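This is what each chain is made of:
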Amino acid sequence: MKKIILLAITMALCTQVFASGQNDTENKEEVFLSLTKFAEPLKDLGTNLTVITRKNIEEKNAKTLGDVLEDELGISYKSYGPLGQTVSISMRGATAGQTLVLIDGRRVNEIGTGGGADFNSIPASMIEKVEIIRGSGSAMYGTGAFGGVINVITKKADILTPNINPYFSYGTFNTINAGITGAYANETVSMLVAPSVLSSDGYRTNSFYNSKNIFGNFAVKPTENSEIAFSGQFYDADFGNPGPVAWASNTAKQFEKNNYSKLDYNTKYQDFDIKISGYDSQNKREAYDFVNYYANTYYTDTIGIKSLFSYKEFIFAGMEWEKTAYKQLDDMYGMEQINRSRENSAFYMQSILNIEKLTLIPVIRSDMNTDYSDVATPALSAIFKINDFIKLSGNISKVWNAPTFGQIYGDNTWYIANHDLKPEKGTSSDIGIEYASKDFSAMLTCFYIDTNNLIQNILVDPVMYQYQAQNIGQTKQYGYEVELGYNMFKILNHKLNYTYLRASDTNTNKDLTYKPMHKVNYALTILPVKQVKINADVSYTATTLDEYRNYFKDYCTVNLRVDYHITKNISIWAKCDNITNETYQLSLDYPMPGVTGYSGIDIKF
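Criteria and thresholds
- Residues numbered from 1 in each chain as written.
- Predicted model: local features only at pLDDT ≥ 70, side-chain atom pairs only at ≥ 80, totals over all residues.
- Heavy atoms only, no water.
- Pairing = 2+ DSSP bridges.
- Helix = DSSP H or I, 4+ residues; strand = E, 2+ residues; numbered from the N terminus.
- Buried < 20%, exposed > 50% of the residue type's maximum accessible area, 1.4 Å probe, protein only.
- Polar contact = N/O pair within 3.5 Å; in protein donor to acceptor, adjacent residues only side chain to side chain.
- Contact = heavy atoms within 4.5 Å.
- Phe/Tyr/Trp six-rings, centres within 6.5 Å; stacked < 30°, edge-to-face > 60°.
- Lys NZ or Arg CZ within 6 Å of the ring centre and 35° of its normal.
- 1 Å grid on protein atoms, 1.4 Å probe; cavity = no way out; pocket = protein on both sides within 12 Å on 5 of 7 lines; lining within 4 Å.
- Points joined across faces, edges and corners; volume = space filled by probe spheres on them.
- Nonpolar A, V, L, I, M, F, W, Y, C, P; charged D, E, K, R; others polar.
- Salt bridge = Lys/Arg side-chain N within 4 Å of Asp/Glu carboxyl O.
- Core = buried A, V, L, I, M, F, W, Y, C linked by side-chain atoms within 4.5 Å.

*Asks:* Just checking my understanding: could you explain the sheet that holds strand 8 (residues 127-134) for this structure?
*Replies:* Across a sheet, paired strands are connected by hydrogen bonds in the backbone, their directions being either parallel or antiparallel. Spatial strand order, 3-8-9-6-7: 5 strands in an open sheet with mixed pairing. Strands with a single pairing partner mark the edges of an open sheet, and in this sheet they are strand 3 (49-52) and strand 7 (106-107). Of the pairings in the sheet, the one linking strand 6 (residues 99-103) to strand 9 (residues 148-154) comprises 5 bridges and is parallel in character. The partner of L102 across the bridge, within strand 9, is N151.

*Asks:* In this structure, what is going on with the side chain of R561? I would like to understand it.
*Replies:* Mapped onto the elements of the fold, R561 is located in strand 33 (residues 555-565). You can call R561 buried: its relative accessible area is 7%. Within the local environment of R561, its side chain forms a polar contact with the side chain of D563, the two groups lying 2.6 Å apart. Ignoring sequence-local partners within four residues, the contact set of R561 consists of E58, E59, N61, K533, I534, N535, W573, A574 and K575.

*Asks:* Before we go on, may I ask you to explain the packing of aromatic side chains in this structure?
*Replies:* The relative placement of two aromatic rings is captured by the distance of their centres and the angle of their planes. Tallied over the entire structure, the rule returns 16 aromatic pairs. Ring plane angle 20 degrees and centroid distance 4.5 Å describe the contact between Y555 and Y584, whose orientation is recorded as stacked. Placement of Y555 in strand 33 and of Y584 in the loop between strand 34 (570-577) and strand 35 (585-587) is noted, with a sequence separation of 29 residues between them. The two residues Y555 and Y584 agree in class, both being buried. An aromatic cluster is defined as three or more aromatic residues linked by ring pairs; in this entry it consists of F255, Y288 and F290. In this structure, K78 is placed above the aromatic ring of Y514, and the distance from its NZ or CZ to the ring centre is 3.7 Å. Directly above the aromatic system of F405 lies the positively charged group of R342, at a separation of 4.7 Å from the ring centroid.

*Asks:* Sorry if this is basic, but what is going on with unusual backbone geometry here?
*Replies:* Generally, phi is negative for residues other than glycine and the peptide bonds are trans, each holding for most cases. Non-glycine residue N453 carries a positive phi angle of around 60 degrees. Inspection of the secondary structure assignment puts N453 in the loop between strand 26 (441-452) and strand 27 (455-461). Under the relative-accessibility criterion, N453 is labelled partly exposed at 25%. Backbone geometry places T543, a non-glycine residue, at a positive phi of 65 degrees. With respect to the helices and strands, T543 occurs in the loop between strand 32 (532-542) and strand 33. Relative accessible area serves as the criterion here: at 22%, T543 is assigned to the partly exposed category.

*Asks:* Any chance you could explain the environment of I103 here in plain terms?
*Replies:* In this fold, I103 is placed in strand 6. Residues in contact with I103, not counting those within four places in the same chain, are V108, I122, N151, V152, T154 and Y260.

*Asks:* Explain empty space enclosed by the protein to me, please; I cannot follow it from the model alone.
*Replies:* A probe as big as a water molecule, rolled over the atoms, marks out the empty space that is left. Throughout the structure, instances matching the rule amount to 5 cavities of 30 Å³ or more. As for the second largest cavity, its lining consists of 24 residues, of which L35, S136, A379, S381 and N395 are closest to the centre. Only strand 8, helix 5 (138-141), strand 21 (358-369), strand 22 (375-385), strand 23 (390-401) and strand 25 (424-436) provide two or more residues apiece to the lining of the second largest cavity. At 4 residues, the largest contribution of residues to the lining of the second largest cavity is made by helix 5. Classifying every residue of the lining of the second largest cavity by side-chain character gives 10 nonpolar, 12 polar and 2 charged.

*Asks:* Explanation requested: the environment of I352 in the structure shown.
*Replies:* Structurally, the position occupied by I352 is in the loop between strand 19 (335-351) and strand 20 (353-355). Judged by relative accessible area, I352 falls into the buried class, the value being 11%. Put simply, I352 and A287 are 65 residues apart on the chain and 48 Å apart in space, counted from C-alpha to C-alpha. With residues near it in sequence (within four places) discarded, I352 still touches T36, E40, E313, F314, F316, T359, L360 and I361.

*Asks:* Got a minute to help me understand the pattern of salt bridges in this structure?
*Replies:* Once the charged atoms of two side chains with opposite charge are near each other, the side chains can pair. Under the defined criterion, the tally for this structure stands at 25 salt bridges. Between K43 and D44 there is a salt bridge whose closest N-O contact spans 3.5 Å. The class for K43 is partly exposed, based on a relative accessible area of 48%. Each of the salt bridges in this network shares a partner with another, and the network as a whole consists of K60, D71, E72 and K495.

*Asks:* Please clarify how the nonpolar core should be interpreted in this entry.
*Replies:* Taken as a class, soluble globular proteins show a tendency for nonpolar side chains to be buried jointly. Formed by 35 residues in total, the largest nonpolar core has its most connected members in L65, L69 and V130. Only helix 4 (65-69), strand 4 (75-79), strand 5 (87-91), strand 6, strand 8, strand 9, strand 11 (175-185) and strand 12 (189-200) provide two or more residues apiece to this core. Those residues in contact with V130 that lie beyond four places of it in its chain are T50, V51, I52, L65, V68, L69, I150 and N151. Among the nonpolar cores identified, the runner-up in size contains 23 residues, and L35, L49, I133 and Y141 belong to it.

*Asks:* Quick question: what am I supposed to make of the sheet that holds strand 24 (residues 415-416) here?
*Replies:* Taken in spatial order, the 3 strands make up an open sheet running 24-28-27, and their pairing is mixed. The outermost strands of the open sheet, each flanked by one partner alone, are strand 24 and strand 27. By the bridge criterion, 2 bridges tie strand 24 to strand 28 (residues 466-471) in an arrangement that is parallel. Within the sheet, the bridge partner assigned to Y415 lies in strand 28 and is Y467.

*Asks:* Any chance you could explain the side chain of R54 here in plain terms?
*Replies:* Here R54 lies in helix 3 (residues 54-60). On the basis of relative accessible area, R54 is assigned to the buried category, the value being 18%. In terms of polar contacts, R54 uses its side chain to reach the backbone carbonyl oxygen of A124, at 2.7 Å. Residue contacts for R54: discarding those within four places in its chain leaves A124, S125, I127, E128 and K155.

Put into structure tokens, the structure is as follows:
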């Protein structure tokens, strides 16, 4: 049945011509900040870039950043089930710790655990757009950017922004998502505040989730060419940890308290642009299950400074310094397990060279890390525009990734210490071609990553379900990404993407776990009448190994959403996820929900 559905989708698209939903008329005018850290027209950059707009986020009915990214090209999505549980996202066969996540350029990957980001702590309501670099970003961002970079651009007030935007939704398992965004802006001052709550009873025993979040920013322009901006977030959550079905717990709980503040200064003087920012973040996590004799508290404090200088947007130079302190306490026995800190200083230079139809972007970065030897990561990007519709691009870069404190010292519960871990190093490359016109586009990108000392979580004690982070030698990840679709008569929009991935240990020739070989996403948007919008999406994932080297069942999910605009400023919507009631898992022994339904209202004025 799944093959028939996918075949029908493909045939429908083939008869109507393909184009990228990411590259429709709206997105062709997009600028991209994350590659050079200055706004560049997306159409002039490589084929390995994606922009997810605010409109796309609303159509997904996303609650968190994880929901926003789940069906994007090149993304491997792994979830431990109910809302609030760990979500792991990676790209091109890399691990979650090798996929760098940023909020307005500030690193949010956790240094204390496996190196991934906490996607639940980033509500979709605070996101204006998301920029994705598929492939290495180490030359610009340093450690952790093996497989790609995800940069969240938060909302900011401007004169066109609605002053007040309340929203509310309710759905299966008593899931409530509510909040309000208030904004004000004139020519010299802007401010925005966005409080929100998200809660659910969950579909398993002890899988409840309750979170409160408030995000805001304030900016002032002291002169025509300068701006001072302050932004910050407070996130507070408590939730149950039901664990795997075979080891289910009715008593495991977790509490999260995260906050950050960031100060930016941007100015322009003649041909020079200067950006300086400082930031500070504190994260506290409490996890306990007294029945099973564990109670741990984890503290992470980070402070950093960044500066970036450019001349005529031709030569770029940046400097960075960041210090992270990590503390891990065993509250059951009153012991301090880990108390470590790490500093990283970096300097990088980049240039944009335009030679007729060819654009070259060379980059060199040097990282000085207090725990490991200095690392240099050169990179080169090339874009050749054959004509106004067709471009070729290629990227090659050295990459590296430092082990986290959690991987080195363990967590005294499910992960065993390994003091002999080495940094991961390798080379990442890709080449692609893209065709884009007003309503029609198609893209193909092929990639290859060669990694030494890849860190993988290995199941070393199946009885106690304990893992250990280990360097597994040399690995290779290769494959290709295709993105197609069509904007048809302004009432139909197709989007289809497909990722083929092979990731294996070069020495044993065995495939790596949790790297799906095939992933297909299809989305259809229909505007039957002016007030109504219908969104349908289908996702199919196949050939994924679990930690016992057994293949997961292939699965196909179908979601449907209908929006009705009562007035220009008020809309109501209803959504049904997994309408075929597919039974599937993304992590071993962590079942995903069946049919779920949600409805809500959104007001903008």
